[in-house]
Amino acid sequence: MPLGGSGGSGIVVPRNFRLLEELERGEKGIGDGTVSYGMDDGDDIYMRSWTGTIIGPHNTVHEGRIYQLKLFCDKDYPDKPPGVRFHSRVNMTCINPDTGVVDPRKFSVLGNWERDYTMEYILTQLKKEMAAAHNRKLVQPPEGTHF
């Protein structure tokens with residue numbers, strides 16, 4: 001879901017306005033409720049550290065599992081993608097099995113980042129990736145384990 005884009009007008013939404021827009025959207029809830037996100041620390045005026053949650057998609061080994069992620073938006077966000085790392089252990093082809101870091105070379109949303117992409121879009125695309133043929137049946141670590 002693109003947010004804060006220029007809409008062809010040439011206007012670039014400043015980083016903090018963009019993040020406030022995303023925070024407001026995250027607090028309202030997203031779609032069917034299987035993806036959510038919010039700030040880690042409401043006192044962080046730079047709005048850098050975020051937590052995301054994905055409930056695994058139906059008809060996959062991920063079904064019903066709750067995955068926690070950390071997203072870190074440094075000073076270059078949204079011009080550059082946030083760092084994304086799973087806190088909950090998960091076995092997926094785009095995630096480093098030792099650290100939980102989502103590999104931009106294997107997850108095109110991060111690898112081909114566009115300024116209009118959002119944290120919501122990252123989370124919904126990771127959920128879709130869980131349901132992809134190459135991930136939907138992979139053996140998973142025990143539920144409740146963490147990186």
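Residues numbered from 1 in each chain as written. Predicted model: local features only at pLDDT ≥ 70, side-chain atom pairs only at ≥ 80, totals over all residues. Heavy atoms only, no water.

As recorded in an unreviewed UniProt entry, the chain goes by the name UBC core domain-containing protein, listed as coming from Ensete ventricosum.

Observations concerning the overall build of the chain
We count it as follows: Numbering of helices and strands runs from the N terminus; a helix is a DSSP stretch of H or I covering at least four residues, while a strand is a stretch of E covering at least two. The reference for a compact globule is 2.2 Å times residues^0.38; the radius of gyration itself is calculated from the C-alpha atoms. Buried means the residue's accessible area, taken with a 1.4 Å probe over protein chains only, is under 20% of the maximum for its type, while exposed means over 50%, and partly exposed covers the values in between. Any two residues whose heavy atoms approach within 4.5 Å at even a single point are treated as in contact. Accessibility throughout is a Shrake-Rupley quantity obtained with a 1.4 Å probe, and a residue counts as covered only by protein chains that appear here. Positive charges come from Lys and Arg alone, negative charges from Asp and Glu alone, with His and the N- and C-terminal ends not counted. To locate a charge, take atom NZ for lysine, CZ for arginine, CG for aspartate or CD for glutamate.
Tallying secondary structure elements over the chain gives three helices and four strands in all. Each helix and strand of the chain, ordered N terminal to C terminal, gives the series α-β-β-β-β-α-α. Here the chain has a C-alpha radius of gyration of 15 Å; the compact-globule value for 147 residues is 15 Å, and the two agree. The dimensions of the chain, computed from C-alpha atoms along their principal axes, are 45 × 30 × 30 Å. Per-residue burial over the chain gives 43% buried out of 147 residues. Long-range pairs, those at least 24 residues apart, make up 56% of the contacts in the chain between residues at least 6 apart in sequence. As displayed, the chain offers around 8000 Å² of accessible surface, 53% of which is attributable to carbon and sulfur atoms. Looking at charge distribution, the chain has the averaged site of its 18 positive side-chain charges lying 5 Å from that of its 20 negative ones.

Some words on the nonpolar core
Let me state the cut-off plainly: Only buried Ala, Val, Leu, Ile, Met, Phe, Trp, Tyr and Cys residues count toward a nonpolar core, and they belong to the same one when joined by side-chain atoms within 4.5 Å.
Ranked by size, the top nonpolar core spans 31 residues in total, and within it Trp-50, Phe-86, Ile-122 and Leu-126 carry the most contacts. For this core, the secondary structure elements donating two or more residues are α1 (15–28), β1 (35–39), β2 (49–55), β3 (66–72), β4 (83–86), α2 (108–111) and α3 (119–131). Ranked by residue count, the leading element in this core is α3, at five residues. Aside from chain neighbours lying at most four places away, what touches Trp-50 is Leu-19, Leu-23, Tyr-37, Gly-38, Met-39, Asp-40, Leu-69, Lys-70, Leu-71, Cys-73 and Met-119.

What to know about α3
So the rule is basically this: Here a helix's expected span is defined as the number of its residues, less one, multiplied by 1.5 Å.
An ideal rise of 1.5 Å per residue puts 18 Å on 13 residues; α3 measures up with 19 Å between its terminal C-alpha atoms. Listed as buried for α3 are Met-119, Glu-120, Ile-122, Leu-123, Gln-125, Leu-126, Lys-127, Glu-129 and Met-130. At its buried positions, α3 is contacted by α1, β1, β2, β3, β4 and α2.

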